[in-house]
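Structural characterization, general
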There are 2 protein chains.
Amino acid sequence: MVKQLLESTITSYEIRDIRFPTSQHLDGSDAMNKDPDYSAAYVIFYTDSKGLEGHGLTFTCGRGTEVVCSAIEQLACKFVNKSLNELVKDMRATHQICTGDSQLRWIGPEKGVIHLATGAVINAIWDLWAKAVNKPVWKLVADMTPEEFVQCIDFRYITDVLTPEQAIEMLREKEATKVQREEEMLKDGYPSYTTSAGWLGYSDDKVRRLIREAKEQGFTHFKQKVGSNKESDIRRASIIREEIGDEGVLMMDANQVWDVTEAIDWMKDLLKFKPLFIEEPTSPDDILGHATIRKALYPQCAVATGEHIQNRIVFKQLFQANAIDYCQIDSCRVAGVNEVLAIILMANKFKVPIIPHAGGTFLVEMVQHLSLIDYICVSGSLDRRMLEYVDHLHEHCKTPVQLKNSKVTPPLVAGYSVEMYRQSIEDYTFPTGKIHQKK
Amino acid sequence: MVKQLLESTITSYEIRDIRFPTSQHLDGSDAMNKDPDYSAAYVIFYTDSKGLEGHGLTFTCGRGTEVVCSAIEQLACKFVNKSLNELVKDMRATHQICTGDSQLRWIGPEKGVIHLATGAVINAIWDLWAKAVNKPVWKLVADMTPEEFVQCIDFRYITDVLTPEQAIEMLREKEATKVQREEEMLKDGYPSYTTSAGWLGYSDDKVRRLIREAKEQGFTHFKQKVGSNKESDIRRASIIREEIGDEGVLMMDANQVWDVTEAIDWMKDLLKFKPLFIEEPTSPDDILGHATIRKALYPQCAVATGEHIQNRIVFKQLFQANAIDYCQIDSCRVAGVNEVLAIILMANKFKVPIIPHAGGTFLVEMVQHLSLIDYICVSGSLDRRMLEYVDHLHEHCKTPVQLKNSKVTPPLVAGYSVEMYRQSIEDYTFPTGKIHQKK
């Protein structure tokens, strides 16, 4: 049965511009993203095996989704008439189908719109692969040999810090104990923290109420958005610290609003609330800037970033420059599972823990797989590691993330957990869907 | 008359996907770009003043142009019904119309497709502005006060190396002598070098012939593409060195094909041909990698990059890390004239000479303005500075670059020198234009 499905051929694809009007309630609002409409450039690959479909997406914020869909169109067409078996036998080559087009490369390379599109397409191939072998993506990877794992990765431009041989060696170290970590995860789940309470657009009362609710759910780590108004940041930090006590962990997130010196000055006034880290203190492109900020705040407050880091090459340098303490991989910003595996390996080499970014459309559904892969195959550690839990839009997902006392239960359904209900796809397609017709 | 045109209002816009089938002759071929079809995402702003149009473009390589056009659509629509006067009074704010949309920002920020689109749109506004005041763009900028010059720049994320106040001071130093440099340029022209001979797809005989022709035209600096095959690089470098003698200057360009250690190893075998610099030795995203390569080859061979550097923030770090000896600004990769001005100022602070990238559709037409601005307003120096001259496609441009004995004559026609003939626009529009109908 598995063999038969792997022998399927991709016959066609469908691209959808999906938009949820979340800006109406300021869910997801922060100092940079004042009114995001959580959205997705969504792609479905259809095959000649009845019912076997690969679903993939990249998270977007409303306007601009059509641009990413236009880029997906340029990539998805390359996969029609390809056999799944041929694609998954060499995922490195499959990744290069997207990144290696010498004409398309000019509009990247490997960054921004074309790379977000690559993420959606590659993720859809993983979803297809995992469904064909009837496993969730994390289990598909956990069952790989080190050689198979490494074959998924394009090492171009990162061999100065990690070669395929070194990667295989790293994976071999953890191979014998993979099974016990897998069992532990299935039993206990993976720890998480919540961002749902700290959005900038919420009132003080709403923040206090949401923090209390989250505490009742078992959360011990909480994230606050900062950077728009210092007085308000201080007031809100007081409220949160009051609610979570000394034992609660507070993280802060500036969403890139500051210049380098401004970040240092602003954070010095917030250090008294003992933030674990400041996330995205400045431009995601500023590797040396992050290193400067980290040095200035060390050891009182750590630095985290990742959701806007364009590819493995910039992550490589963040590690080389000792610029970050936490690596916030994103499941779609880079070239899907393939490139995330490269980043997880490099993070492990530099002993930087993985805390994925998940504030977005179905991101937590995907990154749960990635944190499980990190724990089971690569780092073997839960130290300073958590998933980000954001409580939005899960109702549109066929296999929403499962939370038990703030721990995420590993998904067991085959695939990458992002498949949307058909009705949601139809209703939220922009601009024709039902939801966009109401005034 | 000037006042009246500046009071015009933008009424509509037209976007064209223009493609030249240059891959048929391997013009522009290099180790990374094997078969580029020199193209452009082209935008025209129309106004309520008869005949006053702003033309802007960003260079692309064929496939992917439609994606950039889709992004231009998202930006150009923001300019309809805006008065030109209002737009040019505060070009920093005008730039932020493109970069500050909080939803569109997600698909960048300030990089890749959305930033290429910003380049096209901002360049079109400069073309419009310059035509309204009846000056070429370089003269429009040369006539600005330091304060007006600085008002064009978004300093976000670069204030740790350059503040507006420092920029004004830098410009004041050169203000008194601007007029004499302007006169010198109008009399002598700006030095240039040629890339037209060194494309990778050309035969040895063709290279030899083109080098001889270029020497006859007065060129003393020549560029060779490298990185595909070391033996062939050595053979061709011998031919070129033979033709140009010891006094000729040879530059090499790898177009990003190497990893960091590979770049160092490969170049060590080419040092005997005394290259002035190696251009794009590795990924444009690898700031620290460029620094490592530069250190390893110093002082025998310098390092240059820029055509793929995504924005001012990455240029800032290339300067901070001492990663490059030559700054190859591109007129379209970043947010048009505005952001280039920021980069020119930073380069001057770090004493890195400007050698613009011009291998592409009408790029030399634009960058001649930028090098003139660098010389007249900012650096006041021609030391180690040249324009890149590539002899393609000028016949489609109404105001093609003028060369006299390898020196570029400053353009005198109002605007940014990129306006295409209407017939060329129609014929080369993809996929409907006449040229794309032939088989």
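Residues numbered from 1 in each chain as written. Chains lettered and ligands numbered in written order. Predicted model: local features only at pLDDT ≥ 70, side-chain atom pairs only at ≥ 80, totals over all residues. Heavy atoms only, no water.

We apply this condition: UniProt positions are given in the numbering used here, feature names are shortened, and annotations may be inferred rather than shown by experiment.
Within an unreviewed UniProt entry, the label attached to chain A reads L-fuconate dehydratase, and the organism entered is Thamnidium elegans. UniProt, in its Catalytic activity (unreviewed entry) section for chain A, records the words "L-fuconate = 2-dehydro-3-deoxy-L-fuconate + H2O". Of the comments in the UniProt record for chain A, the one headed Cofactor (unreviewed entry) reads "Mg(2+)".

Structural notes on the overall build of chain A
Inclusion rule: Helical segments are the DSSP runs of H or I of at least four residues, strand segments are the runs of E of at least two, and each set is numbered from the N terminus. Note that the radius of gyration is over C-alpha atoms, with the globule rule given as 2.2 Å times the number of residues to the power 0.38. Accessibility here uses a 1.4 Å probe with only protein chains present; expressed as a share of the type maximum, an area under 20% marks a residue as buried, one over 50% as exposed, and anything in between as partly exposed. Contact definition: two residues touch when any of their heavy atoms are within 4.5 Å.
If you tally the helices and strands in chain A, you get 17 helices and 12 strands. Since a compact globule built from 439 residues should have a radius of gyration of about 22 Å, the 21 Å found for chain A is in line with a globular shape. Reported as C-alpha extents along the three principal axes, the dimensions of chain A are approximately 60 × 55 × 45 Å. When burial is assessed residue by residue, chain A has 67% of its 439 residues classed as buried. A sequence separation of at least 24 residues applies to 76% of the contacts in chain A between residues at least 6 apart.

A closer look at the packing of helix H15 (residues 336–349) of chain B against helix H16 (residues 363–379) of chain B
All names here are of chain B. Operational definition: Angles here are taken between N-to-C directions and fall from 0 to 180 degrees, while the axes themselves are lines fitted to C-alpha atoms, restricted in helices to the stretch in contact. These descriptions rest on fixed angle ranges, namely under 35 degrees for roughly parallel, over 145 for roughly antiparallel, 65 to 115 for roughly perpendicular, and the rest for oblique. Handedness of a crossing is defined here by the sense of rotation of the near helix relative to the far one, left-handed for an anticlockwise turn of less than a right angle and right-handed for a clockwise turn. Residues were grouped as follows: Ala, Val, Leu, Ile, Met, Phe, Trp, Tyr, Cys and Pro as nonpolar; Asp, Glu, Lys and Arg as charged; and all remaining residues, including Gly, as polar.
The N-to-C vectors of H15 and H16 enclose an angle of 50°; their axes lie 11 Å apart at closest approach. As the angle between them shows, H15 and H16 are arranged oblique. Where H15 crosses over H16, the handedness of that crossing is right-handed. The segment H15 lies against H16, with Val340, Leu341, Ile344, Leu345 and Asn348 engaging Leu370, Ile373, Asp374, Val378 and Ser379. Of the residues that constitute the contact of H15 with H16, the class distribution is seven nonpolar, two polar and one charged.

A word on the sheet that holds strand E1 (residues 10–19) of chain B
All names here are of chain B. The criterion, for reference: Each pair of strands is called paired provided DSSP finds at least two bridges between the two strands.
Sheet architecture is open: three strands sit in the order E1-E2-E3, paired in antiparallel fashion. Lying at the two open borders of the sheet, with one neighbouring strand each, are E1 and strand E3 (53–60). The mean inter-strand angle of the sheet, taken between neighbouring strand axes irrespective of direction, is 15°. Examined bridge by bridge, E1 and strand E2 (residues 39–47) share nine bridges and lie antiparallel to one another. What sits directly across from serine 12, in E2, is tyrosine 46. Contacting E1, E2 and E3, helix H5 (residues 112–132) runs over the sheet at an angle of about 150° to E3.

Focus on the pattern of salt bridges
All names here are of chain A. Defined as follows: Any carboxyl oxygen of Asp or Glu that lies within 4 Å of a side-chain nitrogen of Lys or Arg is treated as forming a salt bridge with it.
For the structure on display, the rule yields 71 salt bridges over all chains. The residue lysine 316 makes a salt bridge to aspartate 160 at a minimum N-O spacing of 2.9 Å. Of this pair, lysine 316 sits in helix H14 (residues 312–320) while aspartate 160 sits in the loop between helix H7 (146–150) and helix H8 (164–175); the two residues are 156 residues apart in sequence, bridging distant segments of the chain. The class of lysine 316 is buried, set by a relative accessible area of 0%. Each member of the salt-bridge network shares a partner with another, and the members are Glu14, Arg16, Arg422 and Glu426.

Here we look at the interface of chain B and chain A
To keep things clear, this is the line we draw: Summed over both partners, the accessible area lost on bringing two parts together, with a 1.4 Å probe, is the buried area.
Taken together, the 62 residues of chain B in the interface contact 62 residues of chain A. Ranking the residues of chain B by area buried against chain A places Arg63(B), Gln103(B) and Trp106(B) at the top, with a combined share of 18%. Counting across the chain B and chain A interface gives six salt bridges. Residue Asp285(A) is joined to Lys111(B) by a salt bridge in which the shortest nitrogen-to-oxygen separation is 2.9 Å. Among the elements of the structure, E3, helix H2 (65–76), H5, helix H13 (287–297) and helix H14 (312–320) of chain B are those that each provide at least two residues to the side of chain B that touches chain A. Here the element with the most residues in the side of chain B that touches chain A is H2(B); it accounts for six residues. Counted by class, the side of chain B that touches chain A contains 26 nonpolar, 20 polar and 16 charged residues.

Quick look at the UniProt feature "domain: Mandelate racemase/muconate lactonizing enzyme C-terminal" (unreviewed entry) in chain A
Mapped onto this structure's residue numbering, the UniProt feature "domain: Mandelate racemase/muconate lactonizing enzyme C-terminal" (unreviewed entry) falls at residues 204–299 of chain A. A helix fraction of 50% and a strand fraction of 16% characterise residues 204–299 of chain A, whose end C-alpha atoms lie 30 Å from each other.

As for the relation of the copies chain B and chain A
Heads up, the rule is: Only residues with pLDDT of at least 70 in both copies count here: their C-alpha atoms drive the least-squares fit that superposes the copies.
Of the two same-sequence chains, chain B is brought onto chain A (RMSD 0.0 Å, axial shift 0.0 Å) by a rotation of 180°. Classification of the inter-copy transformation places it as that of a two-fold axis. If distances are taken from each C-alpha of chain B to the rotation axis, the shortest is found for Gly112(B), at 2.5 Å. Same-surface contact between copies: 100% of interface residues of chain B are shared with the interface of chain A.

As for the packing of aromatic side chains
Which entries qualify depends on this criterion: For this analysis, a ring pair means two rings from Phe, Tyr or Trp (six-membered ring only for Trp) whose centres lie within 6.5 Å, classed as stacked if their planes differ by under 30 degrees, edge-to-face if by over 60, and tilted for the remaining angles. Note on geometry: a ring has a charge over it if NZ (lysine) or CZ (arginine) is within 6 Å of the ring centre and within 35 degrees of the ring normal.
Evaluation of the coordinates by the stated rule reveals 22 aromatic pairs over all chains. Where Phe59(A) meets Trp106(B), the ring centres are 5.0 Å apart and the plane angle is 65°; that geometry is what we call edge-to-face. In this pair, Phe59(A) sits in strand E3 (residues 53–60) while Trp106(B) sits in the loop between helix H4 (91–99) and H5, so the two residues belong to two different chains. With relative accessibility at 4%, the residue Trp106(B) sits in the buried group. Through successive ring pairs, a cluster of aromatic residues spans Phe20(A), Phe362(A) and Tyr428(A). If you follow Lys230(A) out to its NZ or CZ, it ends over the ring of Trp266(A), 5.7 Å from the centre.

Description of the sheet that holds E3(A)
All names here are of chain A. Strand order in the open sheet formed by three strands is E1-E2-E3, and the pairing between neighbours is antiparallel. In this open sheet, the two edge strands, each paired with only one partner strand, are strand E1 (10–19) and E3. Within the sheet, the average angular offset between the axes of one strand and its neighbour, ignoring direction, is 15°. Across the sheet, helix H5 (residues 112–132) lies against E1, strand E2 (39–47) and E3, angled at about 150° from E3, the strand it touches most.

Brief notes about the domain arrangement of chain A
Residues and elements named next belong to chain A. Here is the rule: Note that the domain bounds were set by an automatic or database domain assignment. Throughout this description, a polar contact denotes any pair of N or O atoms lying within 3.5 Å of each other; where both atoms belong to protein, one of them has to be capable of donating a hydrogen while the other can accept it, and for residues adjacent in sequence the pair is counted only when both atoms sit in side chains.
When cut into domains, chain A gives domain 1 (2–144 + 425–436) and domain 2 (172–415). Once you take the C-alpha centre of each, domain 1 and domain 2 turn out to be 23 Å apart. On the side of domain 2, 48 residues touch domain 1, which itself brings 45 residues to the contact. When the two sides are added together, the surface that domain 1 and domain 2 hide from each other amounts to roughly 3600 Å², 64% of it contributed by carbon and sulfur. Summed over the shared surface of domain 1 and domain 2, the number is two salt bridges. The salt bridge involving glutamate 110 is made with arginine 312; its shortest N-O contact spans 2.5 Å. At the junction of domain 1 and domain 2, the tally comes to 16 residue pairs in polar contact (both at pLDDT 80 or more). Secondary-structure elements contributing two or more residues to the side of domain 1 that touches domain 2 are E2, E3, helix H4 (91–99), H5 and helix H6 (137–142).

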